[in-house]
Amino acid sequence: MSSHLVGGTPVRLITEPFAPAGRGFWAKLEAVNPGGLKDRAALHIVERARERGELAPGAMIVESTSGTFGLGLALAGIVYGHPVTVVTDPGMETLVHRLLTAYGVRVVTVDRPHPAGGWQRARLDRVAELLAEHPGAYCPDQYANPDNVGAYAGLAGELAEQLGRVDVLVCSVGTGGHSAGVTKALRRRHRRVSLVGVDAVGSTIFGQPARPRLMRGLGSSIHPRNVAHEEFDEVHWVAAHEAVWACRTLAATHYTTGGWSVGAVTVVASWLARTLPPDTRIAAVFPDGPARYGSTIYDDAYCAAHGLLHRPPAAEPDEIKTADEAEVTRWTRMVIR
């Protein structure tokens, strides 16, 4: 079965030029899954819904997604025999749209953002309409479904086996599923694991004002219930140009790279590798690979048009004590505890 291809992903040590010789962080390469990190969540959520009788055999699955979770649902739909409809917005990459269609997914695109909740709220409103139109359809609700958290216990187990211990875990934050799920499982093994969250400039998850964002896959204009705010030790906001620099530098130096979340996480994890004691074992989740970002991160014309080229992050982040102290516009850190 295709589901057997999910999990067992490798780790890769990321070192110079992101950290001095002898230092670095371990990247968990979730791009090795057929569709990326969220294959784990999509399969797990669908399996549990079927077990509880919430998802009847052959019933439609309807969900909001910017891309990666939709790919996971496409896999789950094929494995378990469910038609899938995803609701997205014009920011979805052409490649992802075409892949979803090839996998048999119906793609519905909303044409205008919600005046208060942006594209995410507009997508969720359309999902509600589709559920009303199709009695018996099921919504996985990745933003609030606790099964989205439970899906990542396996990833935590893999990290523990591969690295022996994890002192610091660095995760991008969107729905909040993998940061909460991996941390919960790791802390059952090692209580002192620190969780560092990586958000996007312009995201409202950690109390900043919602603003238009180029980056997809992390950040939010709503407040997902799966974000376990109480578990974070610190949070960093990263801007699009800083993520682009990190992605392209990763590609040129490690032949390992990915999308917006990968770049943003690298900015933060590499700083931790430079500044924490040398024996600190840092793990960072890389949710996907570079393929779907050929028209954004790896397109010189796109990056030039948005002012994203040749703008590396500063050597140190800005610091704020509370989220309402200032509106952040570049890499910024806030210690929570």
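All figures in this text were calculated on a predicted structure; none of them were measured in a lab.

Undergrad: Tell me about the overall build of the protein, residues and numbers included.
TA: Summing up its helical and strand segments, the protein has 10 helices and 11 strands in all. The C-alpha radius of gyration computed for the protein amounts to 19 Å, which stays within 12% of the reference 20 Å derived for 337 residues, consistent with globular compactness. Residues counted as buried form 57% of the 337 residues belonging to the protein. Counting only contacts in the protein whose residues sit at least 6 apart along the sequence, the fraction spanning at least 24 positions is 70%. For the protein, the accessible area works out to roughly 13,800 Å², and carbon and sulfur atoms hold 53% of it. Charge-centre separation for the protein: the mean point of 34 positive side chains lies 2 Å from the mean point of 34 negative side chains.

Undergrad: Talk me through the nonpolar core; I want residue IDs and the actual numbers.
TA: Generally speaking, a soluble globular protein has its nonpolar side chains buried in company with each other. With 53 residues, the main nonpolar core has L100, L159, V166, L169, V182 and F206 as its most contacted residues. By residue number, the principal contributor to this core is helix α2 (residues 68-80), which donates seven residues. The two domains that each donate at least three residues to this core are domain 1 (3-32 + 152-335) and domain 2 (38-133).

Undergrad: Which residues make up the pairing of strand β8 (residues 234-238), and what values go with them?
TA: Taken across its five residues, β8 has five buried, putting it largely inside the fold. Note: strand β7 (residues 194-200) against β8, five bridges, orientation parallel. What sits directly across from G197, in β8, is V235. Here β8 runs beside strand β11 (residues 332-335); their pairing, made up of four bridges, is antiparallel. In the sheet register, V235 faces β11, and the bridge partner there is M334.

Undergrad: Please give an account of the packing of aromatic side chains that cites residues and values.
TA: Counted under the stated rule, the structure contains four aromatic pairs. Residues F206 and F232 carry aromatic rings whose centres are separated by 5.2 Å and whose planes lie at 85 degrees to one another, so their mutual orientation is edge-to-face. With a gap of 26 residues between them, F206 in the loop between β7 and β8 and F232 in the loop between β7 and β8 connect regions that are remote in the sequence. Overall, F206 belongs to the buried group, its relative accessible area being 8%.

Undergrad: A description of the packing of helix α1 (residues 39-52) against α2 should follow, citing residues and the corresponding values.
TA: Running from N to C, α1 and α2 cross one another at 45 degrees; their axes reach a closest spacing of 7 Å. With respect to each other, α1 and α2 are oriented oblique. Between α1 and α2 lies a crossing whose hand is right-handed. Residue-level contacts link D39, A41, A42, L43, I45, V46, E47 and R50 of α1 to F69, L71, G72, L73, L75, A76, V79 and Y80 of α2. Class assignment for the residues of the contact of α1 with α2 results in 12 nonpolar, one polar and three charged.

Undergrad: Residues and numbers for the pattern of salt bridges, please.
TA: Scanning the model with the defined rule gives 23 salt bridges in all. As a salt-bridge pair, R123 and D89 come within 2.8 Å of each other at their nearest N and O atoms. Of the two residues, R123 sits in helix α4 (residues 118-133) while D89 sits in the loop between β4 (84-88) and α3 (94-102), which places them 34 residues apart along the sequence. Of the two residues, R123 and D89, both sit in the buried class. Of the charged contacts in the structure, one is a salt bridge between D233 and R337, with a shortest N-O distance of 3.0 Å. Taken together, the residues D233 in the loop between β7 and β8 and R337 in the segment after β11 connect sequence positions 104 residues apart. The class of R337 is exposed, set by a relative accessible area of 52%.

Undergrad: Run through the UniProt feature "domain: Tryptophan synthase beta chain-like PALP" (unreviewed entry) in the protein, naming residues and quoting values.
TA: The UniProt record annotates "domain: Tryptophan synthase beta chain-like PALP" (unreviewed entry) at residues 4-288. Its end C-alpha atoms 18 Å apart, residues 4-288 is made of 39% helix and 15% strand.

Undergrad: Account for helix α8 (residues 240-254), with residues named and values stated.
TA: Each α-helix winds once per 3.6 residues, and so residues spaced three or four apart point in a common direction. Its 15 residues place the ends of α8 21 Å apart at the C-alpha level, agreeing with the 21 Å of an ideal helix rising 1.5 Å per residue. Of all the positions in α8, only A240, H241, E242, A243, V244, A246, C247, T249, L250 and H254 are classed as buried. The elements touched by buried residues of α8 are β1 (11-14), β8, α9 (260-275), β9 (282-286) and α10 (300-305). Positioned one or two residues after α8, Y255 has a phi angle of 50 degrees, which is positive.

Undergrad: Please provide a residue-by-residue account of the sheet that holds strand β6 (residues 168-172), values included.
TA: Read across the open sheet, the eight strands follow the order β1-β2-β9-β6-β7-β8-β11-β10; overall the sheet is mixed. Each edge of the sheet is formed by a strand with only one pairing partner; in this case those strands are β1 and β10 (318-319). Pairing between β10 and β11: two bridges, direction parallel. If you follow E319 over to β11, its bridge partner there is R333.

Undergrad: A description of the layout of surface pockets should follow, citing residues and the corresponding values.
TA: Volume-wise, the largest pocket comes out at about 810 Å³. In this structure, the largest pocket is lined by 47 residues; those nearest its centre are S66, R213, M215, R216 and G217. At the level of secondary structure, the elements contributing two or more residues to the lining of the largest pocket comprise α2, α4 and α7 (177-189). Among the elements that take part in the lining of the largest pocket, α4 stands out by supplying four residues, more than any other. Considered class by class, the residues forming the lining of the largest pocket number 17 nonpolar, 21 polar and nine charged.

Calculation rules
- Residues numbered from 1 in each chain as written.
- Predicted model: local features only at pLDDT ≥ 70, side-chain atom pairs only at ≥ 80, totals over all residues.
- Heavy atoms only, no water.
- Helix = DSSP H or I, 4+ residues; strand = E, 2+ residues; numbered from the N terminus.
- Rg over C-alpha atoms; globule rule 2.2 N^0.38 Å.
- Buried < 20%, exposed > 50% of the residue type's maximum accessible area, 1.4 Å probe, protein only.
- Contact = heavy atoms within 4.5 Å.
- Areas by Shrake-Rupley, 256 points an atom, 1.4 Å probe, with all protein chains shown as cover.
- Lys, Arg positive; Asp, Glu negative; His and termini not counted.
- Charge placed at Lys NZ, Arg CZ, Asp CG, Glu CD.
- Core = buried A, V, L, I, M, F, W, Y, C linked by side-chain atoms within 4.5 Å.
- Domains from an automatic or database assignment.
- Pairing = 2+ DSSP bridges.
- Phe/Tyr/Trp six-rings, centres within 6.5 Å; stacked < 30°, edge-to-face > 60°.
- Axes fitted to C-alpha atoms, helices over the stretch in contact; angles between N-to-C directions.
- Parallel < 35°, antiparallel > 145°, perpendicular 65-115°, else oblique.
- Left-handed = near helix turned anticlockwise from the far one by under 90°.
- Nonpolar A, V, L, I, M, F, W, Y, C, P; charged D, E, K, R; others polar.
- Salt bridge = Lys/Arg side-chain N within 4 Å of Asp/Glu carboxyl O.
- UniProt positions renumbered as here; feature names shortened; annotations may be inferred.
- Expected span 1.5 Å × (residues − 1).
- 1 Å grid on protein atoms, 1.4 Å probe; cavity = no way out; pocket = protein on both sides within 12 Å on 5 of 7 lines; lining within 4 Å.
- Points joined across faces, edges and corners; volume = space filled by probe spheres on them.

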